[in-house]
Structures are given as structure tokens and as C-alpha cells.
Amino acid sequence: MSVVAAPDRDGEAHDRAALALTWATPRGLRGWLSTANHKAVATRYVVSAFVFFALAGVLALIMRLQLAWPESRLIGPDLYNQIFTVHGSTMMFLFAVPVMEAMGIYLVPLMIGTRNVAFPRMNAFGYWTYLIGGGLLWIAFLLNVGPDTGWFSYVPLAGPAYAAGKRVDIWAQMITFTEIAALVAGVEIVVTTLKFRCPGMSLNRIPLLVWAMLVMALMVIFAMPAIMIASTMLAMDRLVDTHFFNPAEGGDVLLWQHLFWFFGHPEVYIIFVPATGFVSSLITAFARRPIFGYPAMVLALISTGFLGFGLWVHHMFATGLPQLGESFFTAASMMIAIPSGIQVFCWLATLRSGRIVVRAPLLFALGFIALFVLGGLTGVMVAAVPFDLQAHDTYFVVAHFHYVLVGGAVFPLLGAILFWLPKMTGRMPSESLGRWSFAVLFVGFNLTFFPMHRLGLAGMPRRVYTYLAQTGWAGGNLLASAGAGVMAVGVLLFAANIAWTPGRGTPAGADPWGADTLEWSVPSPPPAYNFVYLPVVESRTPLWTTPTPAVVTGLRTDVPEVLVTDAIDATPDHRHVLDGPSMWPLLTALASGIGVIVAIFTPWGVTLGAVLLLITLTGWFWPRGVPVSDTARERA
Amino acid sequence: MTRVALTLALTALGGCAGRPAALDPAGPQAARIAGFWSLLLAVSIAVSVVVLAVLLDALARRRGGSLPPPPAVDPRLERRLTFGVAAAVVLTAVLLLFLFVASLRTARALNALGEPDALTVEVTGHQWWWEVEYWDSAPARRVRTANEIHVPVGRPVLVKTRSADVIHSLWAPRLAGKKDLLPQHATSLWMQADRPGMFDGQCAEFCGHQHAHMRLTVVAEAPEAFQTWLAHQRTPAAEPTEPALLHGREVFLAGPCALCHTIAGTTAAARLGPDLTHLASRTTLAAGTLPNDLGALAAWLVDPQSVKPGVHMPPAALPPRDFQALVAYLGSLR
Amino acid sequence: MRRAIGALLCAALATTACQREQRRFSDSRPRDAERSAWAVAEGKRLYQAFNCDGCHGRGGGGGMGPPLMDAAWIYGVAPDNVYASIMRGRPNGMPAFGGRVTESQAWQLVAYVRSLSGQPSRGARPGRDDHMQVRESEQARRAERPVAAGTPKPGR
């Protein structure tokens, strides 16, 4: 194995053919079910997440229709409660976090110059787990057994005494199960980012998007266990008569809130931080310069990651906390505006000093800046306890979090989809459809959610299925509902653009945007092995600095081999053979899914799941003749 | 199309008439919060304007055409940008510190309301109504009512809150911020009304099927009027004289009603549902959902599920004469 | 539309999910209470609210009145028998609640009372309540095998 300035032509053609064979997924249904290729898994992850987005969006439209007029009889309270719970749970657990992780799974190996994620089969297992969890929730909803106590499901309303039937049990098990998938993706991204970078890509040269994904993945690893523990405790309270949340037997109702929000607050930063990575990539490409202040941006990301874990009590300001505690969390909640502010100022500096060329993806990034600043400012408002005591649990907060989640995460995501669609499909999306979808979405979004600030201050609480005419809320609600219709049109335009592209877009080539990161050096769509020869980088913007980089040769092409490098400096360490396609991840996901679903009804489900898992994990890890990999340290 | 747009615009503007409740304070707590809000709003507008201005300025310098190659980095420009970004960050930190201090001062002021002989009201949240009790050391002088909190103008009121079932939240935006009602821990809220009037509130923590219809009214009146009201609430229900009302009382006592409700002065003394002793003196029925008139009362009694689906009160399945007598009797409980 | 999809899925999965999760707020089919988890939970709420546990004990353990969680049912465990016990009362101290509780409330109580001895489907039974635990919850209760017609009260 060695680094050469440029590979020889004949050797390259031969290597390319061999790699295509080695990294290929078997054809047909079996191949589709057993693939461990990160791009295939990530693509279906993104598609599934957007299907859930559309489903939850339809629920939102139904809610807005119900709320458009006072005392509407369109939907009764029971169905409405299920609708807003499934809308929130789908958006947060089945769309927002999975889609960000999936974009990471797709882009990170390409951006750091490697061939696959660190644990390819576990990656596939994560997707199947996610799909089963999402299917569980939605099939339950269609069977009238969807959860109906809100996406954060406070006890005692969600406890065994006040929530009859299996609705909340299904929610609790869905959470535990789906967050396994989130943890899997988090682990993938951390290990891949730290150990699989191509030579020369030291930590201070990795793209900001990769930094964002790394911070997000570390946050996932620390935050998801809290919600899994909490939902398991709730499931146990309901199923096997434990007393975690039963005050009469020594439990505490506020314990649920603490456990949930210890996860819940980092969750929103888990959603937001990758979006900042997208924005950095988009602004770099369309302002034609690297983001200003790379070290500050990285420090801002890392400090957001840490600070995000110290804010959770701001969701509980109305529960009668001691003043000192309230002050602490007000301070922390305001303080996190500083790293976010650093990022915004660096982006603005980049835009101001670059040569901006407007394309549809950039519009989404610019829309993000406008909407996120507004959402962040209302966030500073509700961080302050006195004002929060008026705004908490009202439509003001609904407006705030939609500004930071839709404006702050979905807009960058849509821009990222348009930006990387040429890479994923090999075709350019329609520029005019892209601009129109942005404009309609931007107007529709503001029309929907800006009036909600006033509605909240006018006294309208959250989660109400209707309201009296004399409250005076009808005007704002009608406006918001009209805006929701406009947003729906915007989403349809965007979807039409995506659907139109693979068939009729102009061929894109490897680098249609003239961008700087490594994924633009491979063909569109990328071959299964990503790079024929792994590149060697010398700067943060490899394609702008060295258009024809040195490459690593000598990795085996007859087995799926990758290069493992040092975590800090990315000096080559050893070669490692990855696993190929396998049916065991799907079978393991099914096994644990069966266990979880039966556990909704009886604790024997845990036993059943354990037995099935024993079988499938044995199959998964059964030793095969492992191809020899070179573990001796090699100098390049 | 234009008609639709015009209707929408007028409706929206109609919604904009008058200040929203939280920004139209009628007491010192809400007033302090509203004042703090003005500060937050001013800072937010300033920051948004500056950020949007910089954004639009950058956008105004855009180029058309295809994507040019990236330019070389200009070290002087980088130094100026560093200075600019650093200044913005420092300014942000200073602004946040300023807002934090303002928040602390407002919070301290909110917690300072109170005096030794403040009026104490105990509010217990139920699914989906508010039980309001004016405590007194002599049990016979205690007043229990529902969905309405009467307070004297100008006097601080300590509202001690707890829940009988799930978590609720007491919120009267024109008077004070909200406080959650928990089944386990007692919480409390200070409020004070500085002018007479009726101030609406609503439960602000999702509590089940009829969370949307769990409203309450805070009635602030002059201290003498308040004492008169309190004294009247202490009296048992007036003894009916007309035969129709007597019959109505019999229907009440013989049927399901007495199993859940209290009417002081009769043998009905159950506490599952609201106290009805002075039902007709309240401004609303069914936790603020219906106006308090005989027609609404009849509609509520004949089928509560059509007004508040999921509510715990069963329908009154009575023959018409008994039903009318019951409605008349309840309507007479002033 | 939702109901059509749901019905298809119900048929396909052959579960009782639809009935178990029904929340019938109006009085239309009171006797179906036993199949609806919500109705059984309402029965539990009424059992506590109307002080049935004052005589029959918290959780049906017995006291002044006979226990309801065992297999000995003096006046029969069938739903109609329990309904008659509640509405018309029984000798030896069970008051008549007819005219005091509505028909659907009575059927909800019937469903709950039967669940104390593990009678209706396990899926519809309520979980533990938020009080001090004095016995296992209704859903953990194994099904007793009472005699349908009734067990004579033990003689002195």
C-alpha cells in the first residue's frame, strides 16, 4: 500500500472492474433486503423519512382544518388527541432525527474519503429497526390504537390509571425500539468519522458538515438512552405494576418530565446541528469561499453539543421549581444563543465576503438564516422564566419550535436535498421548480406560524381540539390554516421536483456546482466502492486546493477493504476488511421487533425476543473464514 | 378569489384588533411580565433587523451567471471580518447578559408579591373542571365553588394549587403567569387584580379529552362586593317555595345527581362533581363552555357528551316533566 | 376512509384492537363495555368514586361486603347477574343503585367488577392505579373460575 501522485491508467481500469465486483450487492429481492452499502441504506432511510414527513404533514393539515373555525365538529377530541400525538411523534422520532442521520450515513463516508461506514451490517439493522418501529406506530394509529397523550406523554395522564388500553404502551415500545436505530446510526457516524478518514484529513481539515454529524452522533449516544429508559419505565409501570411514577408508592410524576426532557432538549439540537452542517456546505459552494472562521465554527458546534444537555428544565418552568434552579436554567438557555450566534455571524461574514451566485439550494440556506434567527430570538424570550410563565404550553411555543425546527432544520434539509440530488441520482433538479418551491414554502410557513405568536399571547393553549368563538382566536387560526394550505402546495412542488429529476433532469456529471469537498470527485451517482483509490488531502477544501490529489494505492480489490487511520491526524494505521451483504440484520430486526410487539401485551415478549435475538445474533456473528487483513502498521 | 382574500385579510385584521390578553395586564404580575416583554421585543426586533440587513446586503452583491472559481483569500478582509464577527459575538453576549439580569429582576419582583394577610384560595384541578375553595378555620364558613375565582381588587391572592388526578395548569393571562397543578406536589401562584372585571383563563397542560373546554373565570370586584359575595356563598341553597321547584329538588335528590354533587342545605353532599349550591350565580356552565342560562343548562343536562365529549357527567335520562322541574330548580340556585 | 383502512387491517390482523380501544362517549351500546379498555377503566373510576370499595374493599378484597376478586360469587358472576346486583341490590346489605347510576355507568361497573376476578379479556383490563398497592392489578390477575349461577353463602 502506498501513496502515489497519480495512478497508472491500465491499473486503474483493472482496479475499477475488480472493485465493482467486490462491492456489488447481489441482484433481485434478496440483494435489496441484504445490502450493506451505506448509500443504498441511507437512500432508503431518507425516502422512508420523507414518507413519514408527508404522513405527519397530512395530519397537520387535518389539525389546521379542524382549528380553522371555532367549535368545529369535524374531528372529535379522541381522534384529535391521537392526531397531534402521532404528528409530533412521527415528526420528531420518525422524520427529523432519522433523516439527519441518514444524510450523515450517505455523505460522511464520501466526504472523508472512505468506502463504507464502519459497521455496514449494523447500519442495515438500524434501518430495518426504524422501519418496523415506524410501521408499528402508524398501523396502530390506523387501528384506533394510536397514542393520544401527546408526543411527550406526561404522566399521570399517560400512566396506567388514566390512559386506558394499549395506546400508550405502543408509543412507549415504539420509542424504545426506534431509538435503537438512532443509536446505531450515531455509533456508525462517530466511529467512521474518527477512524476511516483518508490520509491527510486531520481533524482540523474535515468539512464542517462532518463535524456537525460527529457532534450530533455523540449527542445521540448520550441523549437517546434517557428516553429509552423513561419509556421503558413507563411501559413497566403500565404492564408489570412498577411504581416509578406512582406518588403513593414513592414514585414521582416529575421524574418523567426530567427524564424525558433530559433527552428532549438535546433531541432538538440533534436535529438542528446537522442542519447547520448543511448550511455550511451550501454557503461554501454558493459564496465560492470556505466558511469564515472554521475554528470558531467547530468550537460553536462542540459547545452547542455540551450546552444542549444543560437546558432541559426550561421545559418545566411552570412546575414550581426553586428560584435558584430556574435562574440557572434561564442562564444556560440564553447562553446557548452565543454559539448559535457565532455560527450565524460566520455565515454572514462568508456571504458578505464571497462571490454569491444564487441557486435554489442557496435560497433554502438564506431562508434558514432568516427563520432561524426569528426562532432563536423567541427562544431567548421563552428562556426567561417570567415570560415563559405566560408563553409555556401555548401557541407561542408552537410558533417558536416550528420556526427553529422547520425554519432551522427542514429548510436546510430541503436545500441539501436539492444540492446533493445530482450526486445521488446523476441528474440536476429543476432550478425554477426549486425556486418556486422555496418561495411558496417560505411564504406559506410564515403565514402559518407567525400568527401563532399572537394566538399564544392571546391565551390559546396547545393541544386543544377546538376553541370558543368568544375567545377571539378565530381570525389568527383561519390565517394559520390558510397558510398551512400554502405550505402543502410548496411541499408538493418540492416533491414534484424530486420526482421529476431522475427521469428528466439534465445529466449532472461529477461536480455540477464546482464544490470543494471530496464527494464531488467521484462520479454521479457514486459507484458502490465510492473511490477507486482513496484520496490524500492537504487542506479543508481539497477540490479547490488540489484538483488532482495524490491517492492511496495498494488496498486489496478482491475483498471489501478500507483504510483505518489515526483519530486525530489521520495517518494510516492498518487495513481492515468490512462485511458484505447479509440477511442477518433484517432477521435480527424482525426478531427484536417481534419481542417488542409481544411485550406490549405481556412481559413474556421480552423472553421471546431474547430467544429470537439469541438465534439471529448467533447467525450474524457466526465466524466465517475471514479474509486476511493486514494489521501491522504500515508507513505510507 | 379576491373575495376570499379580502375575507381572510379582514378576519386576520379583526383578530389583530385589541391587544392579546398577556399584553393587556390587569394586575401587577402580568404588568411586570408585559413590561419585560417589551424589552425582549425591542431587542429581538433590533437583532432581526440588523441580521436581515446584513443578509440582504450580502445578497445584493450577488453575481449572475455560472459558478465562478473560488477567489483567493484576502488577509486584510479576513482580519476585518474577524473583528466584525468578534464584535458581534461580544455584543450578543452583552445583550444576553442584560436580558438575563432583566429576567432575574422580573422574577424576583414576581416572587415578592405577597403580604401576611393575603387572601388564600385553594384550587384543585379535576378532569375537566376547577374546584375552588375559600378556606376558613371554621368549617361552616368555608366556601366551595367551581370554575370561578372571585378576588377582591387590589389585594394579593395566594392561589394554592394541586390536582386530584392528572397534571393541569392554571392560567389567567391578564393577571399572572401560569402554574401547573400536580397530583403530588402542592404548588402556588400569587396574583392580584388592580381593576374590577372578569378575566378569562384556561387550563394550559394537556389533561385529556376536554382539556380544550376547561376554562375558568377570575372575577375581580371591589372589596365590599367581594365580602358580600363570599357571605352569600356561605349560605345554604334557598328553600324552594313553588311546587315546580320543590319537585325539581326531589328529582335531584332521588336521581343520579345527588351521587356526585353537593347542594348545601339538602342531603346531597357528594364531592365528585362541582358544588351546585349557588350554580345560578355563576357566569358560565361546564367550566366556561356554556353561558349560564336555562337553555344552555337544559342542553348540558340532557346530553353532556354533545357539549363536552368524554366528560364524566352522565346524561339525565328523565321524563320531560321531571327534567323541566330539575332545570327550573337548578336555575333557581342563585 | 380511515375506518375502511382500519377495518381491512383489523380483518387482516384479526385482532380485537378496534373494539378494545373504542371510546364510546354516548350511550349507544352499553353492554359492550367489557370489550372496551376505556369503559372498564371508567368502571374502575366509578368503583372508587361511588365508594364501592367502602364495603367491598380497595381492589375487591372484601370487608363489610364480600370480596369480589375471588371465585365465590353468591349471586352469580355473569354480566346480567352482576348488573342486577348493582341496579336492584341484594339481600344482606347491597344497596340498589338503579335510578342512581345510569345504565351505561352500571355496565361499566359490571365490566370492572368482573375484571377484579380476571373475567373479561386480559387486554381490556386496567393496569395498576396511582394509589398504594394493596393487591396485584387487574391485568395481572389470573382468571378465577367462578360458578356461573352462583355459590351459596356459607352457612353458619
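Values in this document were obtained by computation on a predicted structure and should not be read as measured data.

Peer 1: Sorry if this is basic, but what is going on with the overall build of chain B here?
Peer 2: For chain B, the count of helices and strands is eight helices and 12 strands. In summary, chain B has a C-alpha radius of gyration of 28 Å against a globular reference of 20 Å for 334 residues, an excess of more than 25%. In terms of overall dimensions, chain B has C-alpha extents of about 95 × 60 × 35 Å along its principal axes. Of all 334 residues assigned to chain B, the portion counted as buried reaches 52%. Counting only carbon and sulfur atoms, one obtains 64% of the accessible surface of chain B, whose full area is about 15,000 Å².

Peer 1: Looking at this structure, how should I read the nonpolar core?
Peer 2: Note that soluble globular proteins tend to have their nonpolar side chains buried in a common cluster. Of all hydrophobic cores here, the largest spans 292 residues; its most connected members are A:M103, A:W420 and B:L330. Looking at this core, the element that brings in the most residues is helix α4 (residues 77-112) of chain A, giving 22 residues. When residues of this core are sorted by domain, at least three fall in each of domain 1 (119-233) and domain 2 (243-331) of chain B. When neighbours within four sequence positions are excluded, A:W420 is seen to be in contact with A:M103, A:L107, A:M111, A:L209, A:F278, A:S281, A:E519 and A:W520. Residues C:Y47, C:W73, C:M87 and C:L109 belong to the second largest nonpolar core, which totals 32 residues.

Peer 1: Got a minute to help me understand the interface of chain C and chain A in this structure?
Peer 2: Many authors give the size of an interface as the accessible area that is lost as the parts come together. Facing the 28 residues of chain C at the interface are 30 residues of chain A. For the pair chain C and chain A, the summed buried surface comes to about 2,300 Å²; carbon and sulfur atoms form 54% of the total. Summed over the three residues of chain C that lose the most area to chain A, namely C:R2, C:R128 and C:D130, the buried surface amounts to 33% of that side. The tally of links from chain C across to chain A stands at three salt bridges. Here chain C is connected to chain A by 11 residue pairs in polar contact (both at pLDDT 80 or more). At the level of secondary structure, the elements contributing two or more residues to the side of chain C that touches chain A comprise α1 (2-13), α2 (17-20) and α3 (37-49) of chain C. At six residues, the largest contribution of residues to the side of chain C that touches chain A is made by α1(C). Along the lines of polarity and charge, the residues of the side of chain C that touches chain A split into 12 nonpolar, eight polar and eight charged.

Peer 1: It is not clear to me how unusual backbone geometry should be interpreted in this structure. Could you clarify?
Peer 2: Leave glycine aside and you will find that most residues have negative phi; peptide bonds, for their part, are mostly trans. Here the bond from A:V155 into A:P156 is cis, since omega is 0°, no more than 30 degrees from zero. The residue A:P156 is located in the loop between α5 (120-142) and α6 (167-195) in this model. The omega torsion of the bond from A:S524 to A:P525 falls at -10°, within 30 degrees of zero and hence cis. Not every positive phi belongs to a glycine, and A:A570 is a case in point at roughly 60°. Summarising the element assignment, A:A570 is placed in the loop between β4 (561-565) and β5 (572-577). Judged by relative accessible area, A:A570 falls into the buried class, the value being 1%. If you check the backbone angles, C:N92 has positive phi at about 70° while not being a glycine.

Peer 1: How should I be thinking about the pairing of β4(A) in this particular structure?
Peer 2: On any regular strand, side chains alternate: one points to one face of the sheet, the next to the other face. Residue and element names in this part refer to chain A. Judged by how many residues are buried, β4 sits mostly within the fold: five of five residues are covered. Because side chains alternate across β4, one face comprises the buried residues E561, L563 and T565, and the other comprises V562 and V564, equally buried. Where β4 meets β5, five bridges bridge the pair, whose relative direction is antiparallel. Its bridge partner lying in β5, E561 is registered against V577. Hairpin connection, β4 to β5: the antiparallel pair is bridged by six residues, and A570 has positive phi, about 60°.

Peer 1: Hey, could you run me through the confidence of the model for chain B in this one?
Peer 2: Caution applies to low-pLDDT regions: their predicted coordinates should not be interpreted in detail. Residues and elements named next belong to chain B. Summarising the model, chain B shows a mean pLDDT of 92, and 95% of its residues fall at 70 or more. Ignoring residues within four places in sequence, the model shows residues 1-7, a span with pLDDT below 50, making zero contacts including any to other chains. In the model, residues 10-15 has pLDDT below 50 throughout and makes five contacts with residues more than four positions away in sequence or in other chains.

Peer 1: What is the right way to look at empty space enclosed by the protein in this model?
Peer 2: One water molecule sets the probe size; rolling that probe over the atoms shows where empty space is left. Residue and element names in this part refer to chain C. Enumeration over the complete set of coordinates arrives at five cavities of 30 Å³ or more. Quantified by volume, the largest cavity comes out at close to 360 Å³. Around the largest cavity, the lining comprises 30 residues; the ones closest to its centre are R24, S26, W38, S104 and Q108. Listed by contribution, the elements that provide at least two residues to the lining of the largest cavity are α3 and α6 (103-115).

Peer 1: Hey, could you run me through the packing of aromatic side chains in this one?
Peer 2: Residue and element names in this part refer to chain A. As enumerated under the stated definition, the model contains 62 aromatic pairs over all chains in all. Centroid distance F53 to F95: 4.5 Å. Interplanar angle 35°. Geometry classified as tilted. Highlighted residues: F53 in helix α3 (residues 38-67) and F95 in helix α4, separated in sequence by 42 residues. Judged on exposure class, the residue F53 and its partner F95 are both buried.

Peer 1: How should I be thinking about a nonpolar patch on the surface in this particular structure?
Peer 2: Together, A:V47, A:V51 and A:L55 make up a nonpolar patch on the protein surface, roughly 230 Å² of accessible area in all. Turning to its location among the elements, A:L55 is positioned in helix α3.

Peer 1: It is not clear to me how the domain arrangement of chain B should be interpreted in this structure. Could you clarify?
Peer 2: All names here are of chain B. Domains assigned within chain B are domain 1 (119-233) and domain 2 (243-331). Taking only C-alpha atoms into account, the centre of domain 1 sits 22 Å from that of domain 2. Of the residues lining the interface, 19 residues belong to domain 1; the matching set on domain 2 comes to 20 residues. For the pair domain 1 and domain 2, the summed buried area comes to about 1,700 Å², and 48% of that belongs to carbon and sulfur atoms. Its largest share of buried area at the contact with domain 2, domain 1 owes to W128, R144 and H213, together 29% of the area lost on that side. Here domain 1 and domain 2 share one salt bridge between them. Close ionic contact of E131 with R271 constitutes a salt bridge, the shortest N to O distance being 3.1 Å. Elements represented by at least two residues in the side of domain 1 that touches domain 2 include exactly β2 (129-134), β3 (143-146), β10 (215-221) and α4 (223-234). Broken down by class, the residue content of the side of domain 1 that touches domain 2 amounts to five nonpolar, nine polar and five charged.

Conventions used here
- Residues numbered from 1 in each chain as written.
- Chains lettered and ligands numbered in written order.
- Predicted model: local features only at pLDDT ≥ 70, side-chain atom pairs only at ≥ 80, totals over all residues.
- Heavy atoms only, no water.
- Helix = DSSP H or I, 4+ residues; strand = E, 2+ residues; numbered from the N terminus.
- Rg over C-alpha atoms; globule rule 2.2 N^0.38 Å.
- Buried < 20%, exposed > 50% of the residue type's maximum accessible area, 1.4 Å probe, protein only.
- Areas by Shrake-Rupley, 256 points an atom, 1.4 Å probe, with all protein chains shown as cover.
- Core = buried A, V, L, I, M, F, W, Y, C linked by side-chain atoms within 4.5 Å.
- Domains from an automatic or database assignment.
- Contact = heavy atoms within 4.5 Å.
- Buried area = accessible area lost by both parts, 1.4 Å probe.
- Salt bridge = Lys/Arg side-chain N within 4 Å of Asp/Glu carboxyl O.
- Polar contact = N/O pair within 3.5 Å; in protein donor to acceptor, adjacent residues only side chain to side chain.
- Nonpolar A, V, L, I, M, F, W, Y, C, P; charged D, E, K, R; others polar.
- Pairing = 2+ DSSP bridges.
- pLDDT = per-residue confidence, 0-100.
- 1 Å grid on protein atoms, 1.4 Å probe; cavity = no way out; pocket = protein on both sides within 12 Å on 5 of 7 lines; lining within 4 Å.
- Points joined across faces, edges and corners; volume = space filled by probe spheres on them.
- Phe/Tyr/Trp six-rings, centres within 6.5 Å; stacked < 30°, edge-to-face > 60°.
- Patch = residues over 30% accessible without salt bridge, like charges linked within 9 Å, V, L, I, M, F, W, Y side chains within 5 Å.

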